[in-house]
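As a plain string of letters, each chain reads:
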Amino acid sequence: MLVLSRKQNQSIMLGEKIEITVLEIKGDQVRIGINAPSNVTILRKEVYLQVKEENKAALQGPQIKLENLAETIRKTRNDEKNK
Amino acid sequence: MEIKTKAFGSIEIDPKDVITFEKGLIGFEDKCRFVLLGNTEVDELLIWLQSVDDPDLAFVVMQPRFFAPDYKPQIDVTEIEELKTESEDTLLLYSIVVVPTDAKKMTANLKAPVIINVKNNKGKQIILNDENYKIKHLILGDN
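Residues numbered from 1 in each chain as written. Chains lettered and ligands numbered in written order. Predicted model: local features only at pLDDT ≥ 70, side-chain atom pairs only at ≥ 80, totals over all residues. Heavy atoms only, no water.

Peer 1: How do you make sense of the overall build of chain B when you look at a structure like this?
Peer 2: In terms of regular secondary structure, chain B is built from 0 helices and 11 strands. In chain B, the order of α-helices and β-strands from amino to carboxyl end is β-β-β-β-β-β-β-β-β-β-β. Taken over the C-alpha atoms alone, chain B extends approximately 40 × 40 × 30 Å along its principal axes. Each of the 143 residues in chain B was classed as buried or not, and the buried ones make up 51%. Pairs at least 24 residues apart make up 53% of the contacts formed inside chain B by residues separated by at least 6 positions. In the form shown here, chain B has an accessible surface area of approximately 7,300 Å², with 48% of it arising from carbon and sulfur atoms. (Helix = DSSP H or I, 4+ residues; strand = E, 2+ residues; numbered from the N terminus. Buried < 20%, exposed > 50% of the residue type's maximum accessible area, 1.4 Å probe, protein only. Contact = heavy atoms within 4.5 Å. Areas by Shrake-Rupley, 256 points an atom, 1.4 Å probe, with all protein chains shown as cover.)

Structure, rendered in structure tokens:
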């Protein structure tokens, strides 16, 4: 990992097209501005990790049969309607 | 072409049906080729998103309109640039479904939908900024 220190309003360039700027430092929070082409995905890391974990969770568990799942959905919805 | 699948074993598919995810799926960025596989008895409520290259990489997906009719995510055109969309109506949205031991508690990921351009068979999974959409949205029941 490359480690750099920046003061408020200083920037970092990633290649020619991506610029990361330290906008504000307030207590334990840093406000970061990012200028990047639209085809670059910018995400808070924890959100990326959460989605990654959820994708992995989707693969776990017993073998799913679509018919059974669909049946569960239909049945539950019917039960709700008939309440 | 023949592929191995999680739910249906070895099957024949038309290469034209292969959907290309240039960036793969989140957490599986190196897996770029998928097909949608269904069981017509289930009338397309639920469908498999099956990796062409990895038989075990298969996701149950569902179109959000079936359980979240008000789901209208704001998708920046630039975010889906690589899908080369000409008009909104060629885009299909799917949510990846997670089924726990109690199947009634199955959830769909509304926060990170899978978007497919049916005209050119290009796909992408994006993460929405909207905080109202959950990673674990209960398909059946109150959220």
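Peer 1: Just checking my understanding: could you explain the pattern of salt bridges for this structure?
Peer 2: In a structure, side chains of opposite charge can pair up when their charged atoms sit close to one another. Residue and element names in this part refer to chain B. One pass over the full model with this rule turns up 9 salt bridges over all chains. The partner of Lys122 in a salt bridge is Glu22, with the nearest N and O atoms 3.4 Å apart. Here the residue Lys122 occupies a position in strand 10 (residues 122–125), and Glu22 occupies one in the loop between strand 3 (19–21) and strand 4 (33–37), the gap between them amounting to 100 residues. Residues Glu82 and Lys124 are paired through a salt bridge, measuring 3.3 Å at the closest nitrogen-oxygen approach. Taken together, the residues span a long stretch of sequence, with Glu82 in the loop between strand 6 (58–62) and strand 7 (91–98) and Lys124 in strand 10 at a distance of 42 residues. (Salt bridge = Lys/Arg side-chain N within 4 Å of Asp/Glu carboxyl O.)

Peer 1: Teacher, can you tell me more about the side chain of Asn117 of chain B here?
Peer 2: Residue and element names in this part refer to chain B. Counting through the fold element by element, Asn117 comes out in strand 9 (residues 114–117). Residue classification places Asn117 among the buried residues on the basis of a relative accessible area of 1%. Within the structure, Asn117 has its side chain in polar contact with the backbone nitrogen of Lys119 (distance 2.9 Å). Look past the residues within four positions of Asn117 in its chain and what remains in contact with it is Leu83, Lys84, Thr85, Thr90, Leu91 and Lys122. (Polar contact = N/O pair within 3.5 Å; in protein donor to acceptor, adjacent residues only side chain to side chain.)

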